[in-house]
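# Notes for the structure review
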Amino acid sequence: MTLDLLPPGQSARIVAVHWDRLVDEEARRLRALGLDDGARVTVSHRGVFGTRDPIALAVGRMKVAVRRAHAAAMEIEPL
Amino acid sequence: MSRQRKIALVGNPNAGKSALFNALTGARQKIANYPGVTVERKAGRMVLPSGEPVEMTDLPGSYSLDPTSPDEAVTAKVIRGEFAGESAPDALIVVLDASNLEQHLVFAQEVIALGKPTVVALNMVDLAERDGLVLDPAALEQSLGVKVVPTVAVRRRGLAELTEAVASAELREPVGRINDLSLVERRVAAHAMADAAIISESRQHRLHSQLDKVLLHPWAGPIILFALLFVVFQAVFAWATPFVDALEDGVGLLSQAVVAALPEGLGRDLITEGVLAGVGSVVVFLPQIVILFFFILAMEASGYMARAAFLMDRMMAGVGLSGRSFIPLLSSFACAIPGIMATRSITDPRDRLTTILIAPLMTCSARLPVYAVIIAAFIPQQTVGWGVGLQGLVLFALYVAGILGAMIVALVLRRSLTKGAASGFIMEMPKYQLPNLKDLLIGLWQRAWVFLRRAGTIIFMVTVVLWLLLSFPRAGEGESQVDVSIAGRLAGGLAVVVEPIGFNRDMALALIPAMAAREVAVSSLATTYAVAASDEDEEAQAMALGDQLKARWTLPMALAFLAWFVFAPQCMSTIAVTRRETNGWKWPIFMLAYLFALAYIAAGATYWAAVAAGL
């Protein structure tokens, strides 16, 4: 399962990230924000209109907004 | 005499660095660019407990010394003393968000490992406590090996202890290996350090999640955002009115005083018709800028701006941009210059370029005097039902025209000149907090000062030059001063070009000096008609600008003039800042060309449509 499919309010652990699917700069930014193998994330909000993009993730005590495309590159294991 | 020592503030974005910088240095700050790059350099002065003055710089927020943006590259180079023309800081203050230790310690370790004299400011401890997080600075001190001082920058707490610690911070042995440590190893270490520093923790951060539940709600969120923006724009007009009136009266009184004090002649005319009529009509506009920036700064400082970006991301993605562009574009409603400067936070270069190119289409406050004067003169003060005024409706339509134009241009650009993979949107959303009034005032003062300096220099010079061009050579008996003047003849040439879109010679004349700044169009119309009226009878002289316009223009002409200003890139400062931000003349010239083309088409279409409709 990938992170974009996780329902709001649920937590999961990132088990693998397909870095090759992301632009290098964005990949580094995501890593710098702690979105990496082993991180525990919770989907706290999803965007407004039809496509439910972007997604607000709780990582530790921080909230990070990402696009669904980024979340789709992250394999998770629901907790 | 030894040189002044330098201290730099470093830390992750949203660690509260700027508030700490304000708290430590006060309002006297020097803001400029780092040479060769478009990254802001903020410096100020601080006095150590020993009485020694030191220079304090606020380095751009970074996640790592391995840069992913121009901002981070500057920070990494300056800290290491590798930035040409910038001496390395003698000591560093690493700013950490107390409730985000695990994250912020990753970068902090990297900085501390450099071995420079370093102190850690454990900032926003109050917010951490509010979240149920109790920390032990001593434990953190032990694991980091440098002094840790708890601070609350916005409430000015912990500052004395911090300056004392900086004064006594010493060089340490660089920890040779740490730069070779991988990010993963640093993160593991950060996790362990954060754990060791936490005395007690309850996992709830109630206030923010409650706020986010409402403010980021899929339905309520956007409604609240638009309601808020509506209030902001209402306030810009309603709250400003008494101040604008007072400023106008002040300029009027000053003008009368000058008339009474000086003998009649060219010198007096220069002051009243040129300087006071021109600069005065622009300065009256300061209250609106201050009010708009007050809201923008408050939204930023409270953490709401990032939520607005989140809510708007989907819509911006529709035209190939991201939520990050929302903040610069919103600022452009005040003025495109800070808006274009705010695009520095957009990491994707194509996104950033597109945002810069469409920013001048947002109706900036400099257009307001033009819109206000023309609307007041030509659009009847009546309601169209439900208490909606026709004048307000026209103004609203002008704003919408600008936004729609911007959207279409962005769509076209993203498919042609700035083509590329759709950009992403990755953004940390800071914690909510009550903004500090003093920080807001410092920000407002900086904005107001930029505006006044512009009014005092560019606009002053342009007004005086225009007055000279309008007043010389002097008209003979029976000739009109405007017709004979140099400016009148120049405008005669331009008038041939703008005649097809319904503009007369006076309008062409107003466009020339308005190249400096749009609002000058109003002052130059005022100056032109003041000079023209002085040849005419007393009655014409006493007429207000609005009545002058009504007597000399038709309604289709006025509408075409409005349509022109929705698009026309008539602002020298915007062009200059675009050149600076894009590092060359290519894009500012492109911007000029495409916006003038749009303005010409829009004004022409409006004029002929209005004539055809029999207006």
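The following paragraphs examine the structure supplied in this document. (Residues numbered from 1 in each chain as written. Chains lettered and ligands numbered in written order. Predicted model: local features only at pLDDT ≥ 70, side-chain atom pairs only at ≥ 80, totals over all residues. Heavy atoms only, no water.)

## A word on the overall build of chain B
- Looking only at helices and strands, chain B has 28 helices and 10 strands in total.
- Taken over C-alpha atoms, the radius of gyration comes to 28 Å for chain B, in line with the 25 Å a tight globule of 615 residues would show.
- Seen through its C-alpha atoms, chain B measures out along the principal axes to roughly 90 × 60 × 45 Å.
- By the burial criterion, 54% of the 615 residues in chain B qualify as buried.
- When contacts within chain B are restricted to residue pairs at least 6 apart in sequence, long-range pairs at least 24 apart make up 73% of them. (Helix = DSSP H or I, 4+ residues; strand = E, 2+ residues; numbered from the N terminus. Rg over C-alpha atoms; globule rule 2.2 N^0.38 Å. Buried < 20%, exposed > 50% of the residue type's maximum accessible area, 1.4 Å probe, protein only. Contact = heavy atoms within 4.5 Å.)

## Comments concerning the interface of chain B and chain A
- Facing the 39 residues of chain B at the interface are 30 residues of chain A.
- In this structure, the connection of chain B to chain A is made through 5 salt bridges.
- Across the salt bridge formed by D66(B) and R28(A), the nearest N and O atoms sit 3.2 Å from each other.
- Counting across the chain B and chain A interface gives 12 residue pairs in polar contact (both at pLDDT 80 or more).
- For the side of chain B that touches chain A, the secondary structure elements donating two or more residues are α7 (183-197), α8 (206-215), α13 (304-318) and β10 (427-429) of chain B.
- The biggest single contributor to the side of chain B that touches chain A is α13(B), with 6 residues.
- Classifying every residue of the side of chain B that touches chain A gives 16 nonpolar, 11 polar and 12 charged.
- By the bridge criterion, 3 bridges tie strand β4 (residues 62-66) of chain A to β10(B) in an arrangement that is antiparallel. Considered in β10(B), the bridge of K63(A) is made with M429(B). (Salt bridge = Lys/Arg side-chain N within 4 Å of Asp/Glu carboxyl O. Polar contact = N/O pair within 3.5 Å; in protein donor to acceptor, adjacent residues only side chain to side chain. Nonpolar A, V, L, I, M, F, W, Y, C, P; charged D, E, K, R; others polar. Pairing = 2+ DSSP bridges.)

## Let's talk about the pattern of salt bridges
Residues and elements named next belong to chain B.
- Overall, the coordinates contain 19 salt bridges over all chains when judged by the stated rule.
- E55 serves as the salt-bridge partner of K6, at 4.0 Å between the closest nitrogen and oxygen. Placement of K6 in strand β1 (residues 6-11) and of E55 in strand β4 (residues 53-58) is noted, with a sequence separation of 49 residues between them.
- The class of K6 is buried, set by a relative accessible area of 9%.
- Note that D212 and R307 form a salt bridge whose closest N and O atoms lie 3.0 Å from each other.

## What to know about helix α6 (residues 159-167) of chain B
Residues and elements named next belong to chain B.
- Listing the buried residues of α6 in full gives L159, L162, T163, A165 and V166. Projection of α6 onto a plane perpendicular to its axis shows the buried side chains occupying an angular sector of 160°, all on one side.
- Here the buried face of α6 lies against β1, α1 (17-25), β3 (40-47), β5 (91-97), β6 (118-123) and β8 (147-150). (Arc of directions from axis to C-beta.)

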